[in-house]
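Structural description and commentary
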Amino acid sequence: MTRVVGTAIYGIKPDGDLQWYRHDGVQNGGAFWTAGEGGKKVSGGWDIYSKVVSGRDSGVIYGIKPDGDLQWYRHDGWQDGGAFWTAGAGGNRISGGWDIYRTVFSIGQGVIYGIKPNGDLQWYRHDGWQDGTARWTAGAGGNRVSGGWDIYDTVFGGYLGVVYGIKPNGDLHWYRHDGWQDGTARWTAGAGGIRISGGWDIYDTVFGGYDGAIYGIKPNGDLHWYRHNGWRDGAATWTAGAGGKKISGGWDIYDAVFSGDTYLHLV
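Residues numbered from 1 in each chain as written. Predicted model: local features only at pLDDT ≥ 70, side-chain atom pairs only at ≥ 80, totals over all residues. Heavy atoms only, no water.

**Let's talk about the UniProt feature "domain: Tachylectin" (unreviewed entry) in the chain**
Residues annotated by UniProt as "domain: Tachylectin" (unreviewed entry) correspond here to residues 8-138 and 146-262. The distance separating the terminal C-alpha atoms of residues 8-138 is 29 Å; by composition the span is 0% helix and 44% strand. A helix fraction of 0% and a strand fraction of 43% characterise residues 146-262, whose end C-alpha atoms lie 29 Å from each other. (UniProt positions renumbered as here; feature names shortened; annotations may be inferred. Helix = DSSP H or I, 4+ residues; strand = E, 2+ residues; numbered from the N terminus.)

Pasting the structure below:
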């Protein structure tokens, strides 16, 4: 039997410190935490990046410098908050040219998407995601898999090809990129996606977690949890709908917040 222990969540402070938390209530929205108020500092120096992106698997984190260089790290202590790293100070440079994207996000297994200012969505697969080697499927420029993504203020990934977009009016749209593994332009819910909820314009930051979990941070620092039960097929079914569940406060101290992998324990 597999028991879910918790999802790693990271926050980057203005001074570049990287703080680690584990939300042990990821399945039901319980306010249960390992490393609660303030988290654990696991690294520093992350203020050199204009964007930081979770690889979603095995502690992998990507940093994009203002000049477009893409750096790879692996936080080996992602399960328990230990300050253990593969590629520590500075990471491994694995690519360049990522400053052309307005938004960059990953759905795991090395799959990374970039959204250009004109709304084009480009797909890449970092085949060296586990060890930090510069091996790619769709290298320079990626594969264009869709357009029109400039209608969203926020775009973030779920799992198994699921992508969410939030419009300026707060509507949340669901898509599933059926070609997520090979970079083909095959979609469930293509042009415009499926509207599954509203009211998401109350959050400054929104990011995805495990098994349909979605987190939102209000301007006052409150962290809310939702679970999109219809994440696989786009059904508008939810646990914690209007307003979600408040599970913590104080998250307004961070310039960026993102989730990492989920600790699954076999018993």
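Moving on from the model shown.
**Section: empty space enclosed by the protein**
Taken as a whole, this structure holds 2 cavities of 30 Å³ or more when the rule is applied. By volume, the largest cavity amounts to about 50 Å³. Along the walls of the largest cavity sit G158, Y159, Y164, G208, G209, G212, A213, I214 and W231, which together make up its complete lining. Split into classes, the residues belonging to the lining of the largest cavity amount to 5 nonpolar, 4 polar and no charged. When its volume is computed, the second largest cavity comes out at roughly 40 Å³. As for the second largest cavity, its lining consists of Y10, S54, G59, V60, I61, W78, F258, G260 and D261. Of all elements in the fold, only β6 (60-64) and β25 (256-266) reach the threshold of two or more residues within the lining of the second largest cavity. (1 Å grid on protein atoms, 1.4 Å probe; cavity = no way out; pocket = protein on both sides within 12 Å on 5 of 7 lines; lining within 4 Å. Points joined across faces, edges and corners; volume = space filled by probe spheres on them. Nonpolar A, V, L, I, M, F, W, Y, C, P; charged D, E, K, R; others polar.)

**Description of the packing of aromatic side chains**
The final tally for this structure, using the stated rule, is 29 aromatic pairs. Here Y73 and W85 contribute two aromatic rings whose centre-to-centre distance is 6.1 Å and whose plane-to-plane angle is 80°, an arrangement assigned as edge-to-face. Linking Y73 in strand β7 (residues 70-75) with W85 in strand β8 (residues 85-86), this pair joins segments that are 12 residues apart in sequence. Taking 4.4 Å as the distance between ring centres and 40° as the angle between the ring planes, the aromatic pair formed by W149 and Y175 counts as tilted. You can see W149 sitting in the loop between β14 (143-146) and β15 (154-157) and its partner Y175 sitting in strand β17 (residues 172-177), a full 26 residues away along the chain. Considered together, W149 and Y175 belong to a single accessibility category, that of buried residues. The positively charged end of R56 is found above the aromatic ring belonging to Y159, 4.4 Å away from the centroid. (Phe/Tyr/Trp six-rings, centres within 6.5 Å; stacked < 30°, edge-to-face > 60°. Buried < 20%, exposed > 50% of the residue type's maximum accessible area, 1.4 Å probe, protein only. Lys NZ or Arg CZ within 6 Å of the ring centre and 35° of its normal.)

**Comments concerning the nonpolar core**
Ranked by size, the top nonpolar core spans 16 residues in total, and within it F105, Y113, L121, W149 and V155 carry the most contacts. If you list the elements that add at least two residues to this core, you get β10 (103-108), β11 (111-115) and β12 (121-126). For this core, the leading source of residues is β11, giving 3 residues. Dropping the residues within four chain positions of it, L121 is found in contact with F105, Y113, G114, I115, N143, R144, V145, S146, W149 and W187. (Core = buried A, V, L, I, M, F, W, Y, C linked by side-chain atoms within 4.5 Å. Contact = heavy atoms within 4.5 Å.)

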